[in-house]
Amino acid sequence: MGDILRTDELENAIDFLEKAAYHYNNKEDKYWFKWLMISLHGALYGFGVCAVKGTYTERVLEMKLGRKRFEQKRKETIEHFKKLGYEIEDESILDDIIEYNASDLLAIKKILDCCQSETYMMQRSDSKILKITDIQDEAIDKMIFYRNDFIHFKPRGLTVITEGSDWIVKAVVDVIRFLALESNNVNYFEEKNREKVKFILEQFLK
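Here is what the cut-offs are and how they apply
Residues numbered from 1 in each chain as written. Predicted model: local features only at pLDDT ≥ 70, side-chain atom pairs only at ≥ 80, totals over all residues. Heavy atoms only, no water. Helix = DSSP H or I, 4+ residues; strand = E, 2+ residues; numbered from the N terminus. Polar contact = N/O pair within 3.5 Å; in protein donor to acceptor, adjacent residues only side chain to side chain. Buried < 20%, exposed > 50% of the residue type's maximum accessible area, 1.4 Å probe, protein only. Salt bridge = Lys/Arg side-chain N within 4 Å of Asp/Glu carboxyl O.

### What to know about the side chain of Asn185
Counting through the fold element by element, Asn185 comes out in the loop between helix 8 (166-182) and helix 9 (191-202). Here Met121 takes part through its backbone oxygen, which lies 2.8 Å from a polar atom of the side chain of Asn185.

### Some words on unusual backbone geometry
One non-glycine residue, Asn184, lies in the positive phi region at around 65°. Its location among the elements puts Asn184 in the loop between helix 8 and helix 9. Residue Asn184 is classed as partly exposed on the basis of its relative accessible area, which comes to 23%.

### What to know about the pattern of salt bridges
Taken as a whole and assessed by the stated rule, the structure comprises twelve salt bridges. As a salt-bridge pair, Lys170 and Asp174 come within 3.1 Å of each other at their nearest N and O atoms. Separated by four residues within a single helix, Lys170 and Asp174 lie in helix 8, roughly one turn from each other. The exposed category is assigned to Lys170, whose relative accessible area is 55%. For Asp174, a relative accessible area of 27% translates into the label partly exposed.

See the structure below:
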C-alpha cells in the first residue's frame, strides 16, 4: 500500500502559506513569482474559509444546486451505493448528503466579503471583523489576476515585471495575518499549528 495524504482545510491553508514564504525568499528560481502568487492566493483563500466556516461548513458552500444537477448527482450517488452492495429504498435520505457534497466552495471574493460581515464573523465574544483597506483591496485584485493568469495560461509569451511587487505581498500577508491570528475565528486544535503560522508569517519580514 502506498503513502496516504491526509489533510484538512487548516493544514491546507498553512501549507499554502509555507510555500508562499519559501518562494518569496528563494527568488533564484525563475518561476518564483508564479508560485508565490499561486501559493499566496491559496493561503488567503484558505484562511478566509477557516475564519468564516467556524463550526458550520455549510457557511462557505454555495448550497444552491439546480434541479437538473441535483437529480444527476442523486443518480450518480445511488449508482455508487449499488456498486458497493447497498440498495437505497428511500432516496430522500440522500438529499442533504448530495446537496453538501456537490456544492461548490464560495469564490475567494465572496469569502472575503463574508470576512467583512458581522453575520459571518461574529461567532464568539472575542471575534473580530476584517476591514480591508484600499491598498489591500488593490493588492488582492492584482494577486488574483496574476494567479488566474498563471493557472489558466493561454498559449502566448508572457513578460511580468516582478520588481516592486513587494507591496502586493505585504498587503496580502497583512490580511492573512489578521484572518489567521487576529480574527479569533480560526480553530487551532493544536497550539503548535498556531506557532507554526506565526513563524511562517515572520519569514515575510526578512
